[in-house]
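Topology and contacts: notes
Listed below are the residues making up each chain.
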Amino acid sequence: MAEVSLQNVSKRFGDTEAVRELSLTAADGEFIVLLGPTGAGKTTTLRLIAGLERPDHGRVTIGGADMTRTAPAERDVCFVFQQYSLYPHYSVFDNLAFPLRAPGRRFTKTEIDARVREVAALLRIESKLGNRATQLSGGEMQRVAIGRALVRSPSVYLMDEPLSSLDAKLREDLRIELKRIQRELGATVVYVTHDQLEAMTMADRIGVMARGKLVQLGTPRDIYERPESIYVARRLGSPQINLIESDALALTDRPSRAVTTGVRPEDIVLNPTSGIPAEVLAVEHLGVETVLLLGAGSDRLHALLGVREPLRVGDRTRITVRDGAALYFDAAGNRIGDADRMQRREVANGA
Amino acid sequence: MAEIRIENLNKSFGDFVAVRDSSFTIRDGEFFVMLGPSGCGKTTTLRMIAGLELPTSGRILLDEEDVTFRRGSERDIAFVFQLFALYPHMNVRRNTSFPLRVQRLPRSEIKARTEEVAKMLRIDHLLDKSVGGLSSGDRQRVALGRAIVRRAKAFLMDEPLGALDAEFRELMCEELRLLHNRVGATTVYVTHDQIEAMSMADRICVMNGGEVLQIAPPVEIYERPATRFVAGFIGSPAMNFLEAEGGLAAGAETIRVRGRSVAMPRLHEALDHREAVLGVRPEHIRIVSDGVLRGRVFGVEYMGTRQLVTVDTEAGRLKVRAPNTVRVDYGETVGLEFDSQRVVLFHPATDRAVRSELAAGQAYG
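Since this is a predicted model, take the numbers as computed values, not measurements.

1. Some thoughts on the interface of chain A and chain B
The interface of chain A with chain B comprises 39 residues on the first partner and 37 residues on the second. In total, about 3,100 Å² of surface goes out of reach between chain A and chain B, with carbon and sulfur atoms giving 51% of it. Counting the contacts that link chain A with chain B gives three salt bridges. E177 of chain A is paired through a salt bridge with R317 of chain B; the nearest N and O atoms lie 3.3 Å apart. Summed over the shared surface of chain A and chain B, the number is seven residue pairs in polar contact (both at pLDDT 80 or more). For the side of chain A that touches chain B, the secondary-structure elements that each account for two or more residues are α5 (168–185), α6 (196–202), α7 (220–225), α8 (230–235), β14 (276–285), β16 (299–305) and α9 (339–350) of chain A. Broken down by element, the residue count for the side of chain A that touches chain B peaks at eight residues, all from α5 of chain A. When grouped by side-chain class, the residues that make up the side of chain A that touches chain B number 13 nonpolar, eight polar and 18 charged.

2. Quick word on unusual backbone geometry
Going from S238 of chain A to P239 of chain A, the amide bond is cis rather than trans, its omega being -5°. In this model, S236 of chain B is joined to P237 of chain B through a cis peptide bond whose omega is -5°. Turning to its location among the elements, P237 of chain B is positioned in the loop between α8 (228–233) and β11 (240–245). Although it is not a glycine, R211 of chain A adopts a positive phi angle of roughly 40°. Position of R211 of chain A among the secondary structure elements: in the loop between β9 (205–210) and β10 (213–218). Classification of R211 of chain A by relative accessible area gives exposed; the value is 68%.

3. Considering the pattern of salt bridges
Counted according to the given criterion, the structure contains 49 salt bridges over all chains. A salt bridge links E177 of chain A to R180 of chain A; the nearest nitrogen and oxygen atoms lie 2.5 Å apart. Within this pair, E177 of chain A and its partner R180 of chain A are both found in helix α5, separated by three residues, close to a single helical turn. Taken as a pair, E177 of chain A and R180 of chain A share a single burial class, namely buried. Linking E275 of chain B and R274 of chain B is a salt bridge whose minimum nitrogen-to-oxygen distance equals 3.4 Å. The exposure class assigned to E275 of chain B is partly exposed, which follows from its relative accessible area of 37%. Relative accessible area serves as the criterion here: at 67%, R274 of chain B is assigned to the exposed category. Residues participating in the shared-partner salt-bridge network are R124, E177, R180 and E184 of chain A together with D312 and R317 of chain B.

4. Brief notes about the packing of helix α2 (residues 92–101) of chain A against helix α4 (residues 138–150) of chain A
Residue and element names in this part refer to chain A. In the contact formed by α2 and α4, the axes pass within 7 Å of each other and the chain directions differ by 30°. It follows from the interaxial angle that α2 and α4 lie roughly parallel. The handedness of the crossing between α2 and α4 comes out as right-handed. Counting all contacts with α2, which are made through V92, N95, L96 and P99, the residues of α4 involved are V144, G147 and R148.

5. Notes on the domain arrangement of chain A
A common way to express how large an interface is: the accessible area buried when the components associate. All names here are of chain A. Per the domain assignment, the segments making up chain A are domain 1 (4–231) and domain 2 (241–348). Relative to domain 2, the C-alpha centre of domain 1 lies at a distance of 37 Å. Taken together, the contacts link nine residues of domain 1 with 13 residues of domain 2. Carbon and sulfur atoms make up 51% of the surface buried where domain 1 meets domain 2, a total of about 940 Å² over both sides. Of all residues in domain 1, Y224, E225 and I230 give up the largest surface area on contact with domain 2, accounting jointly for 58% of the area buried on that side. Linking domain 1 to domain 2 there are zero salt bridges. Taken together, the links from domain 1 to domain 2 amount to five residue pairs in polar contact (both at pLDDT 80 or more). For the side of domain 1 that touches domain 2, the element with the most residues is α7, which contributes four residues.

6. Here we look at the side chain of T261 of chain A
All names here are of chain A. Its place among the elements puts T261 in strand β12 (residues 260–263). Residue T261 is classed as buried on the basis of its relative accessible area, which comes to 2%. Within the local environment of T261, its side chain forms a polar contact with the side chain of R254, the two groups lying 3.2 Å apart. Not counting the four nearest positions on each side in its chain, T261 is found in contact with N242, L243, I244, S246, L251, R254, A326, L327 and Y328.

7. Looking at the packing of α2 of chain A against helix α3 (residues 109–122) of chain A
Residue and element names in this part refer to chain A. The N-to-C vectors of α2 and α3 enclose an angle of 125°; their axes lie 10 Å apart at closest approach. Taken together, the axes of α2 and α3 are oblique relative to one another. Note that α2 runs across α3; the crossing there is right-handed. Facing F93, L96, A97, L100 and R101 of α2, the residues of α3 in contact are I112, D113, R115, V116, R117 and A120. Residue composition of the contact of α2 with α3, grouped by class: seven nonpolar, no polar and four charged.

The rules behind these values
- Residues numbered from 1 in each chain as written.
- Chains lettered and ligands numbered in written order.
- Predicted model: local features only at pLDDT ≥ 70, side-chain atom pairs only at ≥ 80, totals over all residues.
- Heavy atoms only, no water.
- Contact = heavy atoms within 4.5 Å.
- Buried area = accessible area lost by both parts, 1.4 Å probe.
- Salt bridge = Lys/Arg side-chain N within 4 Å of Asp/Glu carboxyl O.
- Polar contact = N/O pair within 3.5 Å; in protein donor to acceptor, adjacent residues only side chain to side chain.
- Helix = DSSP H or I, 4+ residues; strand = E, 2+ residues; numbered from the N terminus.
- Nonpolar A, V, L, I, M, F, W, Y, C, P; charged D, E, K, R; others polar.
- Buried < 20%, exposed > 50% of the residue type's maximum accessible area, 1.4 Å probe, protein only.
- Axes fitted to C-alpha atoms, helices over the stretch in contact; angles between N-to-C directions.
- Parallel < 35°, antiparallel > 145°, perpendicular 65-115°, else oblique.
- Left-handed = near helix turned anticlockwise from the far one by under 90°.
- Domains from an automatic or database assignment.

Spelled out as structure tokens, the structure:
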């Protein structure tokens, strides 16, 4: 495994700047997730690392060696695409063994056999090794596609939304399997997704992208708790962070240059005795939690509360914000930092 | 007023039974969600209510009136397919009023009703704008306005949000529910997405293999599932199922899992089978130093203020939803404790929940 690095990389397609002056280093053995909406430049970044695109400017290095002008096949990377592409007339075993049988890779029959069985066990498809690829379910096919990447030990794995075509339950299982395999192999992974849950649960660090730029890089916790901008704050969390432009919440620690106040729904606390008045506009019982839509003055806020919330539509209540939990953003949408605030939030959460 | 009653409804396509002996009543003004995996019969049921499909046997009553063999157009029901395809060459007014113009209503009435709906959706100031320049939120409202401008007795919706990404879907669910709170029209909504169902429904009807398994409000379905299928289908991450020892008498308050005794709500009926299945939701397991079960931490997933911990125990792999303040690491051995009054016992052969103190409130199916 190896370190992967992009230095000041830019890529244009006609008038569109797909990637703009992007610098990013994935350490050896690190799981980096690139998160952003469609068109943010995530997939182009991945293709630049793979060598499927050539940058207009900047450098790509793998394991310290400059690969900017190197052909994809010589970069020692493995690409897993969103849509599995298996050889339909091959068995699962032969699909998995294929990369090991490529010319130039000298593996003995026993080595190939051992490696294929090991990967099949990892992905729980041992019992399907004799099946033809076309006799598999969608989830099994995608596992074979991932397995075909795993039989090799490249410098880096590049994955482009590999779980997005699977159903929710399977995605849940594979998320944790992929993470475990990556940890066990000590693999360097650059993984692209627009699914915030995948990003939060799998990444060592998340790179949030917007219109070709990397706008923040940090651990999931950093990105969730210390987003540097409104854009980043909106990428993680469900329901989304509340963004309020008035000072209706009457927060005392609000800096004077703050234009927008951000409060995560779990940081809104019902407090019938003090706090600002609010009306319940909608109640969603999601089983484990309840989401309230509240109207406070002209603002609308989501609050995420425990299971048993007896409030009904039309009820009046009062709300406060958990101490130190509010995030403040300036006119440009950038967060106004406050070291002391974070500490208070930690204390409030621990209590 | 629009109550929809389904009586002993059956539908077969050749050998395939799409809907099997369904009977239920959708109340006037209710937001009723039909939930299940693809092929469960939910869409077929909806199409029979709409008159797009004729039942093999059984009856459909709309406000006590038998409409089983009436044409769709004679039922005064609005079927909403795709919510989001606006006509780009028409302005907001023409998009919203489209269904009324198709019906060839008098001009003055079209104008009055379009404006009434626009006011309700707070898009009245946009009526003469082109749809091209609208924000995504306003586009949604125009689409909704077009869906409800026809004053039908009931609205039928078949996965109207299916094509949207997660963020947008969340917003739209809320808009739909707020609109329903204002309009109060009977709505039958089909989806395979349990979160949509949980967030919007007054009652959810869970179907599988052509059969209705349970009809109840979201919280009831979540806390007191009628069958193992319902329990597994609702909730994310899914409920954990553990193999346990059966042969339990009515009144039993403990069950054995891998030789250990686990407390559960007192049973109201016996479980004769040799085995049993114990269902425990991830948020009803606590990580402790000893506990009834022990296991190795297989995965820790960060989810904001919470984390999802996967633990391999001798009773199988369990998912635990824990606050972020609990520190655990991969490979660590931990103990697990169940919230004993919240666990559900299932019959391993019939899949049915065994009646207990937990289910005392409700029993269906």
